[in-house]
Structures are given as structure tokens and as C-alpha cells.
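Structure assessment
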Amino acid sequence: MDFKSSAHDLDSRQIRDIYLETQSAHMQRETDLNQASIDLVLDYLQGQSVLDIACGSGHLCRLIAKKKPALKVVGADFIAPTSDELEYHNVNITATPFTDKQFDTVISAHTLEHIIDFEEALKELRRICRSRLIIVLPRQREYRYTYDLHVHFFPYNYSVLQKLKPVVPYELTLCGGDWVYVETYDLEQ
């Protein structure tokens, strides 16, 4: 119950332990994404390689691999799945082992609302992305007590843009109950 008020004082190990402890409660469904958001993400995929960072159970990774078999699909999470044939890595979203611009498309779906160091995570996502960054955030008002472990909230389009601070051309779409934010990088740079 005190997670939101104490989260900023916890280190990454303590937060990981809380997620492990509550995993059965927040990982009961395959995905938090609505179908309209999934369809939009699939439409925005670009290039040859895709990273779904904070992939959870790997549902979106498996779906992308099935729908777009030509793409190299990689999943990453601080509790990475191990149950299927795709490539998964155990990583911290604020400090990944990936090289600069390693993935053509990077997806972060229903993730950043959980991350204490939002700016560092966003900087890392932009660093490892070569062509297209897709961020999906739930449209949710801030509440002290909720069933989720969110520490950031995005009820309005301006609340999304204030946190993401666009640096390149972007699109922001309200899709069901999700904000789908997409940055496209100039490959000439």
C-alpha cells in the first residue's frame, strides 16, 4: 500500500523484489495492451530488428515474431521470460548492455509509468534505437492507491509530452486507453 509514497527511496534491487513478490497479481493476463494499441504498434514497426524492452511475459514479442517473421525480435526485462524460442535478456532499462543504435525499432509498452528514473530510461531507449521508438503509456489519472505499481501518470496529451520532451519528429495518438507515442529518427544523421 505504501509503494507509491516510498518508491523513490528504493533501490533497483528492492523494486525488483517487490515486482517478484507481486508478480502473480500483476502478471495474470498476457498483456496490458489493448488490441487497437497492438495493431498500431505492428503498423509502426520499421527495419530489420525489434527490441521489446520490459517485455513482461514476452506476449508482444511472440506476436511480432508470428505476424512479421522476417524481423529479428528480441525481448528484454529485468525478469526476462525463458519459456520460448525467442531471444531474451535480463536487463535494467536504465543501463542496457546494447550498443548505440543496435535496434531499428525499440518498443517500450506499459513500462515507463513504472520507472523511478524516467529520464535515464528514456535516454537509454533513444540511445539504443536506430530508426523508430514506440512508447505506449496508459492514460491514467494519478491516484495514491491503485492496483498497479505506477509512479508516473499520463491523463492528458500534454502530460505525455512534458515527460517525453520530444527531440525529433513524433506522433502521439490516443488509442483505446493507451497513449501511443512514436519518434522517427533521421537515418542520415
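Above this text sits the structure in question.
This section reports on the structure supplied with the text. (Residues numbered from 1 in each chain as written. Predicted model: local features only at pLDDT ≥ 70, side-chain atom pairs only at ≥ 80, totals over all residues. Heavy atoms only, no water.)

Observations regarding the pattern of salt bridges
- Under the definition given, this model contains six salt bridges.
- Measuring nitrogen to oxygen at the nearest pair gives 2.8 Å for the salt bridge that ties Asp104 to Arg130. Of this pair, Asp104 sits in strand β4 (residues 103-109) while Arg130 sits in strand β5 (residues 129-138), and the two are 26 residues apart along the sequence.
- The partly exposed category is assigned to Arg130, whose relative accessible area is 37%.
- The residue Glu119 makes a salt bridge to Lys163 at a minimum N-O spacing of 3.9 Å. (Salt bridge = Lys/Arg side-chain N within 4 Å of Asp/Glu carboxyl O. Helix = DSSP H or I, 4+ residues; strand = E, 2+ residues; numbered from the N terminus. Buried < 20%, exposed > 50% of the residue type's maximum accessible area, 1.4 Å probe, protein only.)

Thoughts on helix α3 (residues 35-44)
- Taken together, the buried positions of α3 are Ser37, Ile38, Leu40, Val41, Leu42 and Tyr44.
- Taken together, the buried residues of α3 touch α4 (59-67), β4, β5, β6 (170-175) and β7 (178-184). (Contact = heavy atoms within 4.5 Å.)

Comments concerning the pairing of β7
- Across the seven residues that make up β7, a large majority, six, are buried.
- Examined bridge by bridge, β6 and β7 share six bridges and lie antiparallel to one another. Bridge pairing links Thr173 to Val180 in β7.
- Between β6 and the antiparallel strand that follows it, β7, lie two residues; Gly176 among them carries a positive phi value of about 65 degrees. (Pairing = 2+ DSSP bridges.)

Observations concerning the pairing of β4
- The buried fraction of β4 is high, at seven of seven residues.
- Alignment of strand β1 (residues 49-53) against β4, held across three bridges, turns out to be parallel. Bridge pairing in β4 links Asp52 to Ile107.
- Judged from the six bridges that link them, β4 and β5 form a sheet pairing that is parallel. Opposite Thr105, over in β5, you have Arg132 as the bridge partner.
- Chirality of the crossover, the property in question, places the unit of β4, helix α5 (residues 118-128) and β5 among those that are right-handed. (Right-handed = clockwise from strand over helix to strand, strands pointing away.)

So, unusual backbone geometry
- For His110, which is not glycine, the phi dihedral falls at a positive 50 degrees.
- Backbone geometry at Lys165 places phi at a positive 45 degrees, although glycine is not the residue there.
- For Lys165, the location among the structural elements is in the loop between α6 (157-164) and β6.
- According to the relative accessible area criterion, Lys165 is partly exposed, its value standing at 49%.

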